[in-house]
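# Close look at the chain arrangement
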Amino acid sequence: MALGTDYILDALIREKIDHLFMVPGGLVDPFLPALGRFPTIKPIVAAQEGGAAYMADGYARASGRFGAALAIGGPGLGNMVTAMAAARTDSSRVLIMSGEVAVEMEGLGAFQDASYETFDDPVLAAPVTRFSTSVDSVANLNHLFRRALTEMIGPPSGPVHLSLPHDVLTGDIAVNHVPLDPALFHSRGIDADMADLALERLRGGTGEKPALKVAILAGAGVEHGGCSQTLVKLAERFQIPVATTLRAKGTFPEDHPLSLGVFGYAGTRHATSALLSSDIELLIVLGSGLNERDTMHWSSRLKPSRGVISVNLSPKAIAIETTAGLGVVGDCGAFLDILAQEKNTSAFEAGIADRKSWIATIRSGPRFYDTEHLESDMMPIHPARVVGTARKVLPRDAIALVDSGAHRAFTGHYFDAYAPRTYISATNLGPMGWGIPAAIGVSCARPGTKVALFTGDGCMQMHGIEIAVAARYKLPVIFIVLNNAALGNVWLRAHTLGPVPAELTSIPDHDWAGFARALGLQAATVKNPSDIAAALERAVALDGPFLIDFKTEKNTPTPVYDFSQEAKRWSYHE
Ligand SMILES: Cc1ncc(C[n+]2csc(CCOP(=O)(O)OP(=O)(O)O)c2C)c(N)n1
Ligand SMILES: [Mg+2]
């Protein structure tokens, strides 16, 4: 017999989860002594529940497993709503657990009763998760816990929520959780008939040549499927150029001779010129939902003559965008294996020479916009200079996280990533401040790896207090604050509209280094571009958290020129 709390902590350990991100409170009190009984799971106490949920999200993205967060119901769960929504839109596997009053107390006016009578926690979390329920009895804990994990795995994967009444936490349970088969976390299945039909476009019909100018766009499905290495090998064997979405940056090494870099928002000139060229014949999209940013605002110029093959675990993602006959339901790794089968290789071989010269032409032009900004001596500092220097100073295997704001565009454009899960960002919902706690979760999942977060001063105002958690647990996270004294991305639009919009999108120039020191971190302020590298080197050398307050210029246009242009065209081509 075990208590409900002990069943849950034991179950997490059986699933190889070694951190629990939490904020204590009366409704989850039984977990406090229980955590003392399970020292293999390390509790990390966040400042705020939203921070705890973002930490679990970061842990999930870096580990490839899932993250777990615990809070009281009612106000605690309420604080987690945006975090659950961000995890849902990015298909991140997060288990949210919240406490609830005992079942027999529901609706009687107990303090913080968030059962169906008031807030109704399970209903509150339902639209922002894949599954949300209250465990109505300890007798149901085993199967509902398992059900939550299976819903979390998907497809589509995403966050789930369990509301745990007090009597369930303190009740007795006789069974243990049986861990899920790890193979379920990475589905390897594929509809081979759909793949074969779609690949007719590669091979060509009777009397038709194979498609020669073929490119690949790698999305998050390559990361989920763990098939980056297979992709690199296939691209090398057949000389296929590969772009990634911003979400999947790093799934194809960006210093590889076949890399086109990111396509879409903040993407490279190479990716734009290849994928929007008038002579591309076939684009193979691996695991992208093809959203606005990943399609260059649904560009009308993204029109390979033989179409776009779209591979996705989710039939829904295919149905939204893909022409009949070109969608393939399945795992990206399994699809790459099919591509390498003999019946497709002669088609690929036929195009090698054409693709080599195509790639050479594309890559003979500059990759980035405004490369001179990488060396800019301007003061306040140009954000591109910080990003470019950070790439040189950070170790190759460092994990970068990027928050929401103009700094997302600068980092997306100028920061190269070389491996999957080394460039992590909430690209769909984009909640400001997500990166600060998420970086802490990443650091917990990947001890020994340098983690660097690019964030803004506006983001710091939202979740900056969580840096105290990095100090408390001595986590070596480098917080790079691109402090332009503005809600920069909005300011860029707003200041042209007059003094009131400009004032509303400005922020006082806060001393973020002083803030960090007050919370127990080491920190530096950098005003002069010539001091950027030394500050970053100091941060890398330290075995603990470090914050650098870079005083940057707000009036620097973001490198999203292609994207903005396509967005403008879209408005009148309908
Ligand atoms: C929670 C949330 N609120 C508002 C926004 C809208 N928004 C996007 S970027 C931005 C400004 C970000 O400011 P800062 O963190 O300083 O970054 P900068 O743009 O200056 O680089 C705002 C307000 C958002 N993405 N998320
Ligand atoms: Mg700012």
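First, a word on scope: everything that follows refers to the structure included in this document. (Residues numbered from 1 in each chain as written. Chains lettered and ligands numbered in written order. Predicted model: local features only at pLDDT ≥ 70, side-chain atom pairs only at ≥ 80, totals over all residues. Heavy atoms only, no water.)

## Remarks on the packing of helix 3 (residues 49–63) against helix 5 (residues 81–89)
Taken N-terminus to C-terminus, the directions of helix 3 and helix 5 make an angle of 20 degrees; their axes are 8 Å apart at the nearest point. One finds that helix 3 runs roughly parallel with respect to helix 5. Considering how the two elements wind past one another, helix 3 and helix 5 form a crossing that is right-handed. Facing Gly50, Ala53, Tyr54, Asp57 and Arg61 of helix 3, the residues of helix 5 in contact are Thr82, Ala83, Ala86 and Ala87. Taken together, the residues of the contact of helix 3 with helix 5 sort by class into five nonpolar, two polar and two charged. (Axes fitted to C-alpha atoms, helices over the stretch in contact; angles between N-to-C directions. Helix = DSSP H or I, 4+ residues; strand = E, 2+ residues; numbered from the N terminus. Parallel < 35°, antiparallel > 145°, perpendicular 65-115°, else oblique. Left-handed = near helix turned anticlockwise from the far one by under 90°. Contact = heavy atoms within 4.5 Å. Nonpolar A, V, L, I, M, F, W, Y, C, P; charged D, E, K, R; others polar.)

## A short note on the sheet that holds strand 15 (residues 399–402)
Strand order in the open sheet formed by six strands is 16-15-17-18-20-19, with parallel pairing between adjacent strands. In this open sheet, the two strands that pair with only one neighbour each are strand 16 (423–425) and strand 19 (522–526). The sheet shows a mean angle of 20 degrees between the axes of neighbouring strands, direction not considered. Bridge count between strand 19 and strand 20 (residues 546–551): five bridges; the pairing is parallel. Paired with Val526 across the bridge in strand 20 is Phe550. (Pairing = 2+ DSSP bridges.)

## Observations regarding the coordination of the magnesium ion (ligand 2)
Only Asp457 (OD), Asn484 (OD1) and Ala486 (O) from the protein coordinate the magnesium ion (ligand 2), and they sit 2.0 to 2.1 Å from it. Ordering the donors of the magnesium ion (ligand 2) by residue number gives the pattern D-x26-N-x1-A. Like Asn484, the residue Ala486 is buried in the burial classification. (Donors = N, O, S within 2.8 Å, 3.2 Å for Na, K, Ca; no water. Buried < 20%, exposed > 50% of the residue type's maximum accessible area, 1.4 Å probe, protein only.)

## Brief notes about the sheet that holds strand 12 (residues 282–286)
Spatially, the six strands line up as an open sheet ordered 11-10-9-12-13-14, and their pairing is parallel. The strands lining the two open edges of the sheet, one partner per strand, are strand 11 (259–262) and strand 14 (327–329). Between one strand axis and the next, the sheet turns through 15 degrees on average, direction left out of account. With four bridges connecting them, strand 12 and strand 13 (residues 308–312) associate as parallel partners. Looking across to strand 13, one finds that Leu286 is bridged to Val311.

## A look at helix 26 (residues 532–541)
Listing the buried residues of helix 26 in full gives Ile532, Ala535, Leu536 and Ala539. Viewed end-on, helix 26 has its buried residues packed into an arc of 95 degrees, placing them on one side of the element. Buried residues in helix 26 make contact with helix 18 (383–393), strand 18 (477–483), strand 19 and strand 20. (Arc of directions from axis to C-beta.)

## Side note on the pairing of strand 5 (residues 94–100)
Counting buried positions along strand 5 yields seven of seven residues, so the element is predominantly enclosed. Strand direction decides the pairing type here: strand 4 (residues 67–72) and strand 5, joined by six bridges, are parallel. Residue pairing across strands places Ala68 opposite Leu95, the latter belonging to strand 5.

## Observations concerning the packing of aromatic side chains
How two aromatic rings sit relative to each other is set out by the distance from centre to centre and by the angle between their planes. Taken as a whole and assessed by the stated rule, the structure comprises nine aromatic pairs. Ring geometry for Phe238 and Phe348: centres 4.9 Å apart, planes at 20 degrees, overall stacked. Of this pair, Phe238 sits in helix 12 (residues 228–238) while Phe348 sits in helix 16 (residues 342–350), and the two are 110 residues apart along the sequence. As far as the burial class goes, Phe238 and Phe348 line up, both buried. Ring centres of Phe415 and Tyr423 lie 6.3 Å apart, and the angle between their planes is 40 degrees; this geometry places the pair in the tilted category. Accessibility classification places Phe415 together with Tyr423 in one group, the buried group. Counting every residue linked through ring pairs, the aromatic cluster contains Phe415, Tyr423 and Phe454. (Phe/Tyr/Trp six-rings, centres within 6.5 Å; stacked < 30°, edge-to-face > 60°.)

## A look at the site of ligand 1
Around ligand 1 lies a shell of 18 residues, among which Ala406, Asp457, Gly458, Cys459 and Gly488 are the nearest. The contact in question runs from a nitrogen atom of ligand 1 to an N or O atom on the backbone of Met432, over 3.2 Å. Protein chains bury 75% of the 590 Å² of accessible surface belonging to ligand 1 in isolation. Residue assignment for the shell around ligand 1 shows that the elements contributing at least two residues are helix 19 (406–414), helix 21 (457–463) and helix 23 (488–494). Here the element with the most residues in the shell around ligand 1 is helix 21; it accounts for four residues. Its residues assigned to classes, the shell around ligand 1 comprises eight nonpolar, nine polar and one charged. (Near = heavy atom within 4 Å. Polar contact = N/O pair within 3.5 Å; in protein donor to acceptor, adjacent residues only side chain to side chain. Areas by Shrake-Rupley, 256 points an atom, 1.4 Å probe, with all protein chains shown as cover.)

## Considering the pattern of salt bridges
Applying the stated criterion across every chain yields a total of 20 salt bridges. Between Glu223 and Arg247 there is a salt bridge; the shortest N-O distance is 3.3 Å. Taken together, the residues Glu223 in helix 11 (residues 220–224) and Arg247 in the loop between strand 10 (242–244) and strand 11 connect sequence positions 24 residues apart. The same class applies to Glu223 and to Arg247, which are both buried. Sharing partners across several salt bridges, the network here consists of Asp57, Arg61 and Asp90. (Salt bridge = Lys/Arg side-chain N within 4 Å of Asp/Glu carboxyl O.)

Keep in mind these numbers describe shape, not what the thing actually does.
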